[in-house]
Structures are given as C-alpha cells and as structure tokens.
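Per-entry structural report
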Amino acid sequence: RVNIGCWKTSAALMLTNVFCIEMTLSAIWATGYEMNFLMSSLPVMVMVFTTAAAIHFIGHYRHEYPHEDVVGRSLSGVIRPSSFAALTTIIGLVCLAVSDVGPIPAFGVVAAIGTFFSFIIGVFLTPAVLVALKYAPSSATLMQERSLQKLAMSIVNRPWRVMVPGLIVTAVCAIGLQNLTSLIDPLEFLPEDDRVVQDTRLVARTLTSPTSIEAVVDFGQADTSFVHRLREIRDIEAAVTVVPNVCHALSLADFFPEELSENTLSLSNLASSSGSSAVGGLMADGSRLWRISLRLHDDSPASLKQTVSALKSRCAEMPVTFTGIGPLLEHAQVQIFEGFWKSFASAFVLITVVMVFALRSLTAGLVAMIPNLTPILLIFGALGWCGYPIDIGIMMTASIALGLAVDGTFHFLFSYRDARTLQGCRYRAVRTALLQTGLPIMSSAVISGTGLLALGLSPFRPTMRFGVLMFCLLIAALVGDLILLPAFLAIGSRRKRRSPRAPVSKPKTERVAA
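In this report, we go over the structure that sits alongside the text. All of these numbers come straight from a predicted model, not from anything done at the bench.

**Some points on the overall build of the protein chain**
- A count of helical and extended segments in the protein chain gives 18 helices and five strands.
- A buried classification covers 48% of the 514 residues belonging to the protein chain.
- Entry remark: accessible area of the protein chain is about 24700 Å², with carbon and sulfur atoms responsible for 63%.

Quick look at the structure:
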C-alpha cells in the first residue's frame, strides 16, 4: 500500500499472489513431489517473486504516465529485463538440484516452476488489474521518486567517494569466507522448548552423548572359532577406547567372563544367546558380523570429524567399518558444505552466461556480475567472521539470492543502455537510469525481504534462518545495484552539453500527455 498508493489496487494484486501460490502448490502434486519442511516456505517465496515482478511493471507505469499508451509502453520497457531476471532466478533455483541433501533438489525444481508462474502473472496480469481499476500514481509516489535525485547526483558527481568505501568493506568481509563451516543437528529441527529437545540435552549433560558411532566388524568367511572372534573383538574395543573423545564402548564381549575357553562356551549356547533380544543387535549372521557401539564425550561437528578420522586411522588394518549417527552427521555436514559451493558456482556460471547474452558483450557481462557478488561476500563473509555455521536452510540462500540480485541489475542496465542510446551521454544515462529504476528496485527488495522475513517466525529453525538471511541478502543487494554499479558506470563520465535542436511540432495528444 505504501509503494502503490492505493488500497484497492494493492488488494487486487494480493489476490493475484494468492492465485499464483495456488498454481505453485498444484505443481507439487503434478510433479509427484511431497510436501515437506522446506516446501512450507514456498508460498511466501512465490508471493515475493510475484510482487517483485508487479512492482517493476508499476515502476515503468509511473514513468510513462500519463501517456495515452502507458500500458503498452510500460510493458515493452519491462518485458526484457523481467524475462532475463526470471530466467536467472530460475537458474539459481534449479542449480539447487546439484545438492545431494534430502529435499533440497525437489524444493529447487518446484520453486523454479513457481518463479515462472510469478513472472507470467506479475508481468502480464498486473497491467489488466491497473487498467480495470483505472490506477493513477499518487502525488506522494511522485515525491518519492524526486527524493532519489540527491542520491543520483552524489553518485554520478563523486563515484570514487562512493565506490571505494563499499569495495573496502566488501573485501574485508570476503576474507571471512575461508572461516565458513557447516552444521547439521537434528535437534535444530525442533523448537528449543520442545520436550524431546530438553530431555535429550538432559541425557547429554548427566549420562552420555546421544550421538553414537557404530563399529561393524566383519570376519567374512574366515574359519575361526567363536572364542577367537570374541577375543579379537575385545582387542578392537581396547584399540578404539584409546581415542580421547570416546567415552565408553559396548559389545557382546562385555557380557562374557574375562577367562574364555572352548569348553565353557558351547556353540549351542552361543547360538541361543545370539538370538535373544538382549544381544541380538550386537551380533548377526551367525557370528560373522559384530557391532561395537561407541559413545562420545563431545559430539560437536569439529570434534566428531576428528574422532571419526582417529578411529579410522587406528583401525586401518582391521576389518572394521564405522557407521551410525556420528559418521552420518559428519558426512551430511560435508555434503551441505559441498552442495553450498557447487550450487552457487553453477548458478554464478550460468547467470554470467545469461548476462553476457543479454548485454551482448563479454566484457559488459563480466563487469555487471561484480556488483551482484556484493551481497554474497558481505553476508556470508560476516557469517564466517562470526563463526556462524551453514545449515540446511542457509545453504539454499546463496544461489537464490544471486538470482534475485541480478533482477535489479537487469532493470538498471537496460534502462541505462536505452538512456545512453537516446542521450549520448554516460553521465546523464547513469542519472536517468537511477531515477527511473531506483524506486522499483528499492521497493522490490524491501517488500520481498520483508515477506521472506516473515519466515523468521517459523518454529522450524532452518526455515527461520533461511528467511532472515534472505532478507539480509536482498537488502545488501541494494548496495550493489544502486550504489556500486552506478558508481562504476559513472567513473570518468562528464556531463555533455545538449546540442541545440530545431523544435519539432508535436501532435496535440502528445503535448497534452507531456
């Protein structure tokens, strides 16, 4: 309502958002995917994407108003950047499919479908709403556009003063990327006041760690007696308990006396014992497979990784395989970290290709991608400096945010190129593009970020972190789109005097529109 200036138009556009959300949820059923904890954030994301597309159209509508063909001119001005922006957002979401972590690939595919629906409805249904409701920009909205003139003049007149501090801060934050780590904790999926979480933490404090490492010993087809295998299990158990982080170990050997002989342990008694509920989980397949359960003092990610490595090193010459919750979590953390960088790298390469194609210049495309790295370097660098780990929610944000950040870049660069062609002056082109697209880019980022910030109220903490971090990334993207990119284009530019031209008579309708 604050951006559009009309309650009736705002309400109608929200109804189009609801329609787009319903289409996206129907796509989940059509594709055969199931609703899960990540899919629950789709309605908010689709609403944000649809609103952003509508805001950019309304921005062009304001610029062309009150021209008699205001809708046609607005649509022709917004269709190119919006098409490329939607394409890059879809690329960023589809690149999540390279991840091997559970529901993330499905989320990326369905969200990409939702982005396509958002583009169609936001760009092509919004004009119908404005025409049907006879929307006219308010004077307050026009005043907001005039407030950008001061920012535009300070950037084009002093680009170095604006760009250098921004680059220094970005470079300092980027150093923190090397400190990034990953974390996956099942307890993070539940609210902190949940009874299961509280009981688990109580057991960890007073009894033992809930995280275990299972050592599976496979004797294969070796022709050895049961007593010989029992003694070997005790040797392996003694070897693994030497590792500092191992609290204690449990195996079937702990249920037998220290002195063993073939006479005291008959094969029939051992067979009957192995089938009982008490020891059935410690030995299987006759006496071929044995399990040693290890409990840890410290189950933090760094300690868990060191413990698994130390155990594998000590048992390198033994027929032991380590599995269980501990190695599973350690492997999942590695997959999250690798998936984060793979999805981001894939999105960056593909979006760069689209940028080069859209601008029809390799140099311009590569240069235009520099400001779009600003939010990634700022936010994730800050996370690295603060020692905040990447979880399953945070890992999706980088490629999605990159696709959304390019949205504003496309709108600014297309406006800049048209102004440069029309005016022939880089100084005026930067200023014109900033005045024309600054308010829509700013409004789109703030509204989209605020919508995603609503996910911060979710009791599911990965979803909460996803929403909060997306808000921070979208706000940081404004630095790249509205400060660094215009400042870079304005470097070395000079205002050119307009060459005098003979007055051209205009039709009466055009004079009235002017």
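**Details of helix H13 (residues 362-372)**
- Looking at H13, one finds that the buried residues are Gly 365, Ala 368, Met 369, Pro 371 and Asn 372. What you see down the axis of H13 is that its buried residues fit within an arc of 150°, all on one side. In H13, the exposed positions that point more than 90 degrees away from the buried face belong to Leu 362, Thr 363 and Ile 370.
- Looking at the buried positions of H13, the neighbouring elements they touch are helix H12 (325-359), helix H14 (374-386), helix H15 (397-423) and helix H17 (461-490).
- A side-chain oxygen of the first residue of H13 lies 3.2 Å from the backbone nitrogen of Ala 364; this N-cap is Ser 361.

**Concerning the pairing of strand E1 (residues 212-218)**
- Burial analysis of E1 places five of its seven residues in the buried class, which makes it a mostly covered element.
- Bridge analysis of E1 against strand E4 (residues 289-296) gives seven bridges, and the strand direction is antiparallel. Bridge pairing links Ser 212 to Arg 295 in E4.
- Bridging between E1 and strand E5 (residues 320-323) involves four bridges; their strand directions are antiparallel. Bridging across to E5, Ala 215 finds its partner in Phe 322.

**Looking at a nonpolar patch on the surface**
- A surface patch of nonpolar side chains, about 610 Å² in accessible area, is lined by Trp 160, Val 164, Ile 168, Val 172, Ile 175 and Trp 385.
- Sorting elements by how many residues they give to the nonpolar patch places helix H7 (residues 159-175) first, with five residues.
- In this fold, Trp 385 is placed in helix H14.
- Note on Trp 385: relative accessible area 48%, which makes it partly exposed.

**Considering the packing of aromatic side chains**
- A complete count under the given rule lists 15 aromatic pairs for this structure.
- For the ring pair Tyr 61 and Tyr 135, a centre distance of 5.8 Å and an interplane angle of 45° mean the geometry is tilted. Pair noted here: Tyr 61 is in helix H2 (residues 42-64) and Tyr 135 is in the loop between helix H4 (104-132) and helix H5 (139-146), with a separation of 74 residues, a long-range link. No difference in accessibility class separates Tyr 61 from Tyr 135, as the two residues are buried.
- In this structure an aromatic cluster arises from ring pairing among Phe 340, Trp 341, Phe 344, Phe 348 and Phe 380.

**As for H15**
- Along its 27 residues, H15 runs 39 Å from first to last C-alpha, staying within 8% of the 39 Å computed at 1.5 Å per residue.
- The element H15 is largely enclosed, with a buried count of 21 among its 27 residues.
- Just past H15, the residue Gly 424 takes up positive phi, approximately 70°.

**Digging into the packing of helix H1 (residues 7-31) against H4**
- Close contact between H1 and H4 brings their axes to 9 Å; oriented N to C, the two are set at 150°. Relative to H4, the element H1 lies roughly antiparallel. The chirality of how H1 crosses H4 is right-handed. Residues Thr 9, Ala 12, Leu 13, Thr 16, Phe 19, Cys 20, Met 23, Thr 24, Ala 27, Ile 28 and Thr 31 of H1 lie in contact with H4, whose contacting residues are Val 110, Ile 113, Gly 114, Phe 117, Ser 118, Ile 121, Leu 125, Thr 126, Val 129 and Leu 130.
- Residues belonging to the contact of H1 with H4 are distributed by class as follows: 14 nonpolar, seven polar and no charged.

**Some details on the nonpolar core**
- Residues Phe 380, Ile 400 and Phe 412 are the most contacted members of the largest nonpolar core, which totals 113 residues.
- No other element matches H17, which puts 13 residues into this core.
- Beyond its immediate chain neighbours, meaning those up to four positions away, Ile 400 contacts Met 45, Gly 92, Leu 93, Leu 96, Phe 107, Phe 466 and Met 470.

**A few points about the side chain of Thr 115**
- By the secondary structure assignment, Thr 115 is in helix H4.
- There is a polar contact of 2.9 Å between the side chain of Thr 115 and the backbone oxygen of Ala 111.

**Focus: the pairing of E4**
- Pairing analysis gives four bridges linking strand E2 (residues 246-250) to E4, with the strands arranged antiparallel. Residue Val 246 lies in a different strand from E4, and its bridge partner there is Leu 296.
- The sheet contact formed by strand E3 (residues 283-284) and E4 spans two bridges and is antiparallel. The partner of Met 283 across the bridge, within E4, is Trp 290.
- Between E3 and E4, which pair antiparallel and follow one another directly, the connecting turn spans four residues, one of which, Asp 285, has a positive phi of 55°.

**Structural notes on the pattern of salt bridges**
- Within this structure, the stated rule accounts for six salt bridges.
- A salt bridge links Arg 465 to Asp 391; the shortest N-O distance between them is 2.8 Å. One end of the pair, Arg 465, is in helix H17; the other, Asp 391, is in the loop between H14 and H15, with 74 residues separating them in the sequence.
- Given a relative accessible area of 16%, Arg 465 falls into the buried group.
- For Asp 391, a relative accessible area of 8% gives the class buried.
- Three or more residues are tied together by salt bridges with common partners; here these are Asp 218, Asp 285 and Arg 288.

**Side note on the side chain of Ser 118**
- Note that Ser 118 resides in helix H4.
- At a separation of 3.4 Å, a polar atom in the side chain of Ser 118 contacts the main-chain carbonyl oxygen of Val 46.
- When near neighbours in sequence (up to four residues on either side) are disregarded, Ser 118 contacts Cys 20, Val 46, Phe 49, Thr 50, Ala 53 and Val 123.

**Quick notes on unusual backbone geometry**
- The phi dihedral of Lys 134 falls on the positive side, at around 55°, and the residue is not glycine.
- Tracing the backbone shows Lys 134 in the loop between H4 and H5.
- Of the residues examined, Lys 134 reaches a relative accessible area of 75% and is grouped as exposed.
- Even without being a glycine, Arg 360 presents a positive backbone phi close to 60°.
- Structurally, the position occupied by Arg 360 is in the loop between H12 and H13.
- Residue classification places Arg 360 among the exposed positions, given a relative accessible area of 76%.

Analysis parameters
Residues numbered from 1 in each chain as written. Predicted model: local features only at pLDDT ≥ 70, side-chain atom pairs only at ≥ 80, totals over all residues. Heavy atoms only, no water. Helix = DSSP H or I, 4+ residues; strand = E, 2+ residues; numbered from the N terminus. Buried < 20%, exposed > 50% of the residue type's maximum accessible area, 1.4 Å probe, protein only. Areas by Shrake-Rupley, 256 points an atom, 1.4 Å probe, with all protein chains shown as cover. Arc of directions from axis to C-beta. Contact = heavy atoms within 4.5 Å. Polar contact = N/O pair within 3.5 Å; in protein donor to acceptor, adjacent residues only side chain to side chain. Pairing = 2+ DSSP bridges. Patch = residues over 30% accessible without salt bridge, like charges linked within 9 Å, V, L, I, M, F, W, Y side chains within 5 Å. Salt bridge = Lys/Arg side-chain N within 4 Å of Asp/Glu carboxyl O. Phe/Tyr/Trp six-rings, centres within 6.5 Å; stacked < 30°, edge-to-face > 60°. Expected span 1.5 Å × (residues − 1). Axes fitted to C-alpha atoms, helices over the stretch in contact; angles between N-to-C directions. Parallel < 35°, antiparallel > 145°, perpendicular 65-115°, else oblique. Left-handed = near helix turned anticlockwise from the far one by under 90°. Nonpolar A, V, L, I, M, F, W, Y, C, P; charged D, E, K, R; others polar. Core = buried A, V, L, I, M, F, W, Y, C linked by side-chain atoms within 4.5 Å.

The analysis is restricted to geometry; functional conclusions fall outside its scope.
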